[in-house]
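What follows is each chain in one-letter form.
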Amino acid sequence: MDEVKQLILDIKKGNLKPIYFLMGEEAYYIDSVSDYIEANVLAEEEKGFNQMVLYGRDVTIDDIVGNAKRYPMMAERQVVIVKEAQDLSRSIEKLAAYAANPQPTTVLVFNYKYKKLDKRKALYKALKKVGVVFESKKLYENQVADWIRRVLSGQNYTISPKAAQMLVEFLGTDLSKINNELSKLKIVLPAGTEITPEHVEENIGISKDYNNFELRKAVGEGNILKAHKIAHYFADNPKDNPMVVTVSLLFNFFSQLLHLHGLSDKNPRNVASALKVNPYFVNEYITAARHYPMRKVSEVIATLREFDVKSKGVGSNSVSQGDLLKELLVRIMN
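Presented here is a report on the structure given in the accompanying data block. (Residues numbered from 1 in each chain as written. Predicted model: local features only at pLDDT ≥ 70, side-chain atom pairs only at ≥ 80, totals over all residues. Heavy atoms only, no water.)

**So, the sheet that holds strand β3 (residues 78-83)**
Part 1: Spatially, five strands are ordered β2-β3-β4-β1-β5 in an open sheet, and the strand pairing comes out parallel. At either margin of the open sheet sits one strand with a lone partner, and together these are β2 (51-55) and β5 (132-136). The mean inter-strand angle of the sheet, taken between neighbouring strand axes irrespective of direction, is 15°.
Part 2: Sheet topology places β3 next to strand β4 (residues 106-113); five bridges connect them, and they run parallel. Looking at the pairing, V80 lines up with L108 of β4.
Part 3: Contacts from helix α1 (residues 2-12) reach β1 (19-24) and β5 within the one sheet, and its direction differs from that of β5 by about 150°.
Part 4: Lying over the sheet, helix α4 (residues 61-68) contacts β2, β3 and β4, oriented at roughly 165° with respect to β3. (Pairing = 2+ DSSP bridges. Helix = DSSP H or I, 4+ residues; strand = E, 2+ residues; numbered from the N terminus. Axes fitted to C-alpha atoms, helices over the stretch in contact; angles between N-to-C directions. Contact = heavy atoms within 4.5 Å.)

Set out below in structure tokens:
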């Protein structure tokens, strides 16, 4: 995120490079930089003749180079943006000759999503000398809630830890999808608001009481009644609560409990750091560790591996996902 801010700051100051090669697994940052260039490098009256958007599936490298070598019309520079450039992955190395001697009055932008250049090859080396090569890396799940807080903080909003966790567990690590949902919240909530689980439930449709976060908490507390109520809700709404996601989250939770049991220093601050969790949730892990000794945690992890396979249809074709989850909870909590 800091690298993106610096990139955009440089562009804002007019420190433009002839080529921006934006690549990697996280599309959100690639789109953010590309959209900023598209919106801000040229004045509106210059864009008609001097800004072009191409799509990788429709052009060749020769087409792109031909457009990049044109001179701008009645403007200091032109902008050429290649979206979905990953469709050119088989021929992308042909760009190396242009990258070695790019047109100084052209800003050429590649959106090369879900792929990376081979750093040993000529194109990468040439780009590093004359332009910007930005790799947009996927965030780990335990980093996304913090990303949500930082994004909202920059826009004069805050969010409760539980609300942030609900978004992560429901939307995963797709930052574009999360950002779209945050935009919906900002439309209905005034600046300065702390976003709560109630706001998330009312405006995004994620239940604050019946979700994987609450199931994990109920399991950790040994609250059998609450866990089975949530399982019944999941059984009635299988599309919104796929079994495979629930098993994965429980597996991560019990793996962290195993790590917690192995810590010599169980001070809450050290636990938060070691498990890479928000300090707000540390007591949840400490409570769960009391209910599940190390040997039981190891047994649960083995059970979760078994049910991970079953949740994908192996050896359980005739069993509903809801019944599988109920059986899993019985095995874990007994």
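**Description of the packing of helix α16 (residues 294-311) against helix α17 (residues 321-333)**
For any two helices packed against each other, one specifies the inter-axial angle together with the distance between the axes.
Part 1: Between α16 and α17, the shortest axis-to-axis distance is 10 Å and the interhelical angle comes to 170°. One finds that α16 runs roughly antiparallel with respect to α17. On α17, the residues touching K296, V300, T303, L304, E306, F307, K310 and S311 of α16 are Q321, L324, E327, L328, R331 and I332.
Part 2: Grouping the constituent residues of the contact of α16 with α17 by class yields six nonpolar, three polar and five charged. (Parallel < 35°, antiparallel > 145°, perpendicular 65-115°, else oblique. Nonpolar A, V, L, I, M, F, W, Y, C, P; charged D, E, K, R; others polar.)

**So, the nonpolar core**
Part 1: Grouped together as the largest cluster of nonpolar side chains are 44 residues, with contacts concentrated most on Y20, I37, W147, I148 and L167.
Part 2: If we skip the residues at most four places from it in the chain, Y20 touches L7, I11, N15, I37, V107, L108, V109, F110 and V132.
Part 3: Counting 37 residues, the second-largest nonpolar core is a separate cluster that includes F234, M243, V297 and L328. (Core = buried A, V, L, I, M, F, W, Y, C linked by side-chain atoms within 4.5 Å. Buried < 20%, exposed > 50% of the residue type's maximum accessible area, 1.4 Å probe, protein only.)

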